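Here is what each chain is made of, one letter per residue.
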Number of protein chains: 2
Amino acid sequence: MVSSEEILKRLTMFRTEMKNEGIDVFLLLSTDPHASEYVSDHYKTTEFVSGCTSDNVVLVIEQDCAKLWTDGRYFISAAQELKDTGIELMKSGQPGVPKPEDYLRGTLHSGMVLAFDGTCVNAEIGQRYRDIAKSCGAKVESSPEAIDQIWMTRPALPCSPIWVLKDEIAGKSCADKLADVRRALEEKGCGHLILSKLDDIMWLLNLRGDDVECNPVALSYLLVGPETADVFLQKEAVTAETAEYLKENRIKVHEYTEILDYLKDYHFEAPVLIDRGSSSDTMVRLLKDKGDLVNGENPTAMMKAVKNCTEIENIQKYYLLDSVAVCRFIYQIKTRDRSVRMTEMDAAAMIDSLRAEIPGFIGLSFPTIPAVGPNAAMAHYMPSAESAAEVGEEGFLLVDSGAHYLGATTDVTRTIALGELTEEMKRDFTLVAVSNLELLYTGFAKGTSGAQLDMIARAPLYRYGMDFNHGTGHGIGYILNVHEGPQRIGHASSAGSEIPMAPGMITSDEPGIYREGKYGIRTESIMLTVYDKKNEFGEFLKHEPLTFAPIDLDAIDTRYMERLDVEYLNDYHAK
Amino acid sequence: MVSSEEILKRLTMFRTEMKNEGIDVFLLLSTDPHASEYVSDHYKTTEFVSGCTSDNVVLVIEQDCAKLWTDGRYFISAAQELKDTGIELMKSGQPGVPKPEDYLRGTLHSGMVLAFDGTCVNAEIGQRYRDIAKSCGAKVESSPEAIDQIWMTRPALPCSPIWVLKDEIAGKSCADKLADVRRALEEKGCGHLILSKLDDIMWLLNLRGDDVECNPVALSYLLVGPETADVFLQKEAVTAETAEYLKENRIKVHEYTEILDYLKDYHFEAPVLIDRGSSSDTMVRLLKDKGDLVNGENPTAMMKAVKNCTEIENIQKYYLLDSVAVCRFIYQIKTRDRSVRMTEMDAAAMIDSLRAEIPGFIGLSFPTIPAVGPNAAMAHYMPSAESAAEVGEEGFLLVDSGAHYLGATTDVTRTIALGELTEEMKRDFTLVAVSNLELLYTGFAKGTSGAQLDMIARAPLYRYGMDFNHGTGHGIGYILNVHEGPQRIGHASSAGSEIPMAPGMITSDEPGIYREGKYGIRTESIMLTVYDKKNEFGEFLKHEPLTFAPIDLDAIDTRYMERLDVEYLNDYHAK
């Protein structure tokens, strides 16, 4: 953790820079030009300025104050990181906490200048802030260079070798995927599609990289036309094999940094399809000046979410192998030599090495989260060698982990009883298990959205006046990002939760209960959506588990389970 | 039921009229100028032309074909009514059935003329059809007179006396409500509000009428300004007392039919708030030509939905009295003299007369629906004296009924076992009860929408591969319309289901199972949303029952209930 003195120094430097440039309010977001959830170190500007390691950060800096918004996953860790920095933590979604937009509406006034880096803010958000500034009479400037003035040690762009995912593993060739995309473009009356989202580009071209920690993607842009495809990559990252593959597929390679210049000079004959939510403000504004622009849903998002048969087969195979590693880990924890001190870091190393033994292992899909006691109440806690707590003989060990294999990306959380548990712990653990199982086992009508399914998971907790402050489920990539859209099982207000579940989607099921200062419980399995049946009442879908790791019976109190829940648990364990 | 010969005759006349006017496609909707759910006989144009008595109808007439769309509540009855008329029934929402919009997109082409009555189509729908016509190169005409050319016996506008709801019953004076509305207008930066929705106007002015069957509303429009209020009523309907009351409240009375002329000449200084979804296409287009127009959410919708303390007290009192009538009815059915023949109509008369005995009874809130056997599978079946089936000694009697009292509008459905039941009947009845009880008893986080709650009710049926083809819950007026917005417990795709539940709302809880040709089951209770608690997990709301009528234990099979469900049922019956 960076010291608060260092953060205060950086803030002072940044404010001086703002003064020099005539900027009154600077808006920094934890985003990159590709609308990535996790960004490479080069783009971790909010972390550099504030010391806060959370994702999903909005940081507003003024001369006399600074405020940082983040979501429920990070309330506890962000509070620790921002201590004594003078930066106020704004807990998004909590009663009485204004949204950043509303805050700016009250702060900006005529003659003021609001600045942000337009290349790192998506066009939807950019437009929103432009509208707010306009309604307040303030000006907007895009200032990508401000941060460079104070960040002397800024890491270079990552540049890992790009490799080709063979057709027999991808299940569909790049040529066939491009044909699907072109058909979708034609249906929408568009000529070209511009993609900035790295996992969309990787999926479409059957390429993979390693430019974002744990996300096997390469920095890139893609322009798909009726007959052409232009990809923008760091040429240094293109291996001979990859260059040959791209040539065979008649995909022209350009230098990564040339995208904006290329678009500036490109003559589009028909409307361009570009998703404003995943393309930069600067790019969209550049296109706007050139003529027709269609803001449309990016067709690759849904194509990528619905896994093909080869993908599903491989996913099932690797999830089984991955689950075996988790079972072995749980067994090792349960039967550990209690005379030897074990820390959270040791536990993480243990499960990581079990996974690394699996043939086809590529790497972790996110840094393993091992958390005991109150640490687990921080939903995305990450221990360091110094801070790691001991895996003791009471309470819970929560482990959230996953990996990439040459045939799947996995994600699983199990909470393990380390010894004596209180009544309250058992009740909470049981209710989380009930929540997880009811979501997994309850079939539903075709057309049901993630927001509706969310209720299945929350109802068992609501009955006891409990809830959890994060989504219930996210999609998962195929040898790609562990968090993938567009579907989402979550509150009606969360993006993607309006999307109906579809057969072939794979989605997490991860309810939890967190008691600050005491403990945290989460049980996460991954589910495959499949077609169930059609009858006089309509068409029905259901979920099948992909994860097969036991739910710790030592922590179950059947008094909090209905007969059906016990059946579900037994059936799940039998499987 | 009008004969199919008569319908064929009317269609021929209408098509001749279309030809004379150069109209290729005529769109008739079952709507009135006030976006009413139920319309007065004067506006039942789709029923006159097609013979179909469903609400929510879209009828498209061309020279060589005619198609009628309606929703799941009416699939069975509409099919009967449209038999041999040549009008094709389009079951909205069923797989393979295009929406009317999509159908028109495929049908209209350059040079064609599409006509509808712009005074009876709301501005949102009107705009949608205009856009479709435009994209096909077709023209649009508003033709309010076409129907008059063939409907010689068209009923006059209803004109019942308008009465004043005293402040001690309304719980809030008209002056206070107007002040609230003016504050809301100011917050939105608007000068005037134009209301066309009858129940909004009645609620705001504390007036009631009787112009729509079972809906105590009067035909009216209202224009609220910063200091003025202009109401448009049929002056014949204004009693001396009502005239005096309006004068005291400084509300100027104009003739109902003069609204459009008045608006045409009115000079608005600030933006006008008008809800395009409940104002006519003709009205909004007239205003559009005059300057500023804001399409905003009508603030009275939410004010009306959240009942005040006086309203809630009266509602609780009258729901108890109403429930007693239902209990007496169930007892009379159960202990009836089986040697005397009883029809569905007799059963309806029985419950209606029990309600009429309650002091404060005003009238029914909708025509009582009594249905035995397969009739109950038609969710909104209505027997006639000739068609009424016998209340026999097997299967179910479903009764959906309610009334207006001087302190509440009620709505309740109970399904009563008449004698022997099959295993399947008992299972279905039990699952409907479980669905109803779980929705009533499951508390939820503040911010939860109706679409999310919907899942609580459907999950118990989904587990057995069943579902029902209608919403789970609707808001209910206070001595007003039995169906009231804006909240709705229903599929994520249904309007209003995105609105979070709020303390003070009253909403129905009415799951069902319908087996075509066999039987229908529905259990409907009304719930009051109340604040539950705040704790470390957030703020929670819950529901309290307003309806206290037993769920028939003769039809319950506890093998289909969880322990919790049995507790809920016993607790409900104890209450």
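Reading the values: the criteria
Residues numbered from 1 in each chain as written. Chains lettered and ligands numbered in written order. Predicted model: local features only at pLDDT ≥ 70, side-chain atom pairs only at ≥ 80, totals over all residues. Heavy atoms only, no water. Helix = DSSP H or I, 4+ residues; strand = E, 2+ residues; numbered from the N terminus. Rg over C-alpha atoms; globule rule 2.2 N^0.38 Å. Buried < 20%, exposed > 50% of the residue type's maximum accessible area, 1.4 Å probe, protein only. Contact = heavy atoms within 4.5 Å. Areas by Shrake-Rupley, 256 points an atom, 1.4 Å probe, with all protein chains shown as cover. Lys, Arg positive; Asp, Glu negative; His and termini not counted. Charge placed at Lys NZ, Arg CZ, Asp CG, Glu CD. Polar contact = N/O pair within 3.5 Å; in protein donor to acceptor, adjacent residues only side chain to side chain. Axes fitted to C-alpha atoms, helices over the stretch in contact; angles between N-to-C directions. Parallel < 35°, antiparallel > 145°, perpendicular 65-115°, else oblique. Phe/Tyr/Trp six-rings, centres within 6.5 Å; stacked < 30°, edge-to-face > 60°. Buried area = accessible area lost by both parts, 1.4 Å probe. Salt bridge = Lys/Arg side-chain N within 4 Å of Asp/Glu carboxyl O. Least-squares fit on C-alpha atoms with pLDDT ≥ 70 in both. Nonpolar A, V, L, I, M, F, W, Y, C, P; charged D, E, K, R; others polar.

A. Representation of the overall build of chain A in the model. Counting its secondary structure elements, chain A contains 18 helices and 28 strands. For a compact globule of 575 residues, the expected C-alpha radius of gyration is about 25 Å, and chain A comes in at 24 Å, within 12% of that figure. Taken along the three principal axes of its C-alpha coordinates, chain A extends 65 × 55 × 50 Å. Taking all 575 residues of chain A together, 60% fall into the buried category. Considering only contacts in chain A between residues 6 or more positions apart, those separated by 24 or more positions represent 70%. Split by element, the accessible area of chain A, about 22600 Å² in all, is 50% carbon and sulfur. Side-chain charges of chain A comprise 58 positive and 89 negative groups, with the mean position of each set lying 3 Å from the other.

B. Representation of the side chain of His474 of chain B in the model. All names here are of chain B. As for its placement among the helices and strands, His474 is situated in strand S22 (residues 473-475). Using a relative accessible area of 9% as the deciding quantity, one classes His474 as buried. Looking at His474, its side chain comes within polar contact range of the main-chain oxygen of Val482, at 3.2 Å. Those residues in contact with His474 that sit more than four places away from it in its chain are Asp411, Val482, His483, Glu484, Ile506, Thr507, Ser508, Glu510 and Glu524.

C. Structural view of the packing of helix H8 (residues 174-187) of chain A against helix H9 (residues 198-205) of chain A. All names here are of chain A. Put simply, H8 and H9 touch, their axes get as near as 7 Å, and they point 120 degrees apart. The orientation of H8 relative to H9 falls into the category oblique. Contact residues: H8 offers Cys174, Lys177, Leu178 and Val181, while H9 offers Trp203, Leu204 and Leu205.

D. Spatial organisation of the packing of aromatic side chains. Residues and elements named next belong to chain A. In this structure the tally under the stated criterion is 30 aromatic pairs over all chains. Each ring, one from Trp69 and one from Tyr103, has its centre 5.7 Å from the other, and the planes form 55 degrees; the classification is tilted. Here Trp69 is found in strand S3 (residues 66-70), whereas its partner Tyr103 is found in helix H4 (residues 100-107), with 34 residues between them in sequence. A single burial state applies to Trp69 and to Tyr103, both of which are buried. Three or more aromatic residues joined by ring pairs form one cluster here, namely Phe232, Tyr262, Tyr266 and Phe268.

E. Spatial organisation of the interface of chain A and chain B. Every contact between the two is made by 40 residues of chain A and, on the other side, 40 residues of chain B. Both faces combined, the contact of chain A with chain B buries some 3100 Å², and carbon together with sulfur accounts for 53% of it. A per-residue breakdown of the area chain A buries against chain B is headed by Gln452, Arg463 and Phe537 of chain A, which together make up 23% of the total. Where chain A touches chain B, the interface holds four salt bridges. With a closest N to O distance of 3.5 Å, Arg463 of chain B and Glu438 of chain A form a salt bridge.

F. Examining the pattern of salt bridges more closely. All chains considered together, the criterion is met by 70 salt bridges over all chains. Arg183 of chain A serves as the salt-bridge partner of Asp180 of chain A, at 2.7 Å between the closest nitrogen and oxygen. With Asp180 of chain A and Arg183 of chain A both in helix H8, this residue pair falls three residues apart, about one helical turn. Judged by its relative accessible area of 49%, Arg183 of chain A is partly exposed. It is possible to trace a salt-bridge network through shared partners that takes in Glu424, Arg427, Asp428, Arg515 and Lys518 of chain A together with Glu536 of chain B.

G. Fine view of helix H12 (residues 281-288) of chain B. The set of residues buried in H12 of chain B consists of Asp281, Met283, Val284, Leu286 and Leu287 of chain B. Structurally, H12 of chain B contributes buried residues whose contacts are with strand S5 (113-116), helix H5 (123-136), strand S8 (192-195), strand S10 (220-224), helix H11 (259-265) and strand S13 (272-274) of chain B.

H. Summary view of the relation of the copies chain A and chain B. After a rotation of 180 degrees and a shift along the axis of 0.0 Å, chain A superposes on chain B with an RMSD of 0.0 Å. Expressed as a symmetry operation, the mapping of one chain copy onto the other fits a two-fold axis. Taking the C-alpha atom as reference, chain A places Gln452 of chain A closest to the rotation axis, 2.2 Å from it.

I. Seen up close, the packing of helix H16 (residues 423-441) of chain B against helix H18 (residues 563-574) of chain B. Residue and element names in this part refer to chain B. Between H16 and H18, the shortest axis-to-axis distance is 10 Å and the interhelical angle comes to 80 degrees. As the angle between them shows, H16 and H18 are arranged roughly perpendicular. Here Val434, Leu437, Glu438, Leu440 and Tyr441 of H16 lie close against H18, whose contacting residues are Asp565, Tyr568, Leu569, Asp571 and Tyr572. Residues belonging to the contact of H16 with H18 are distributed by class as follows: seven nonpolar, no polar and three charged.

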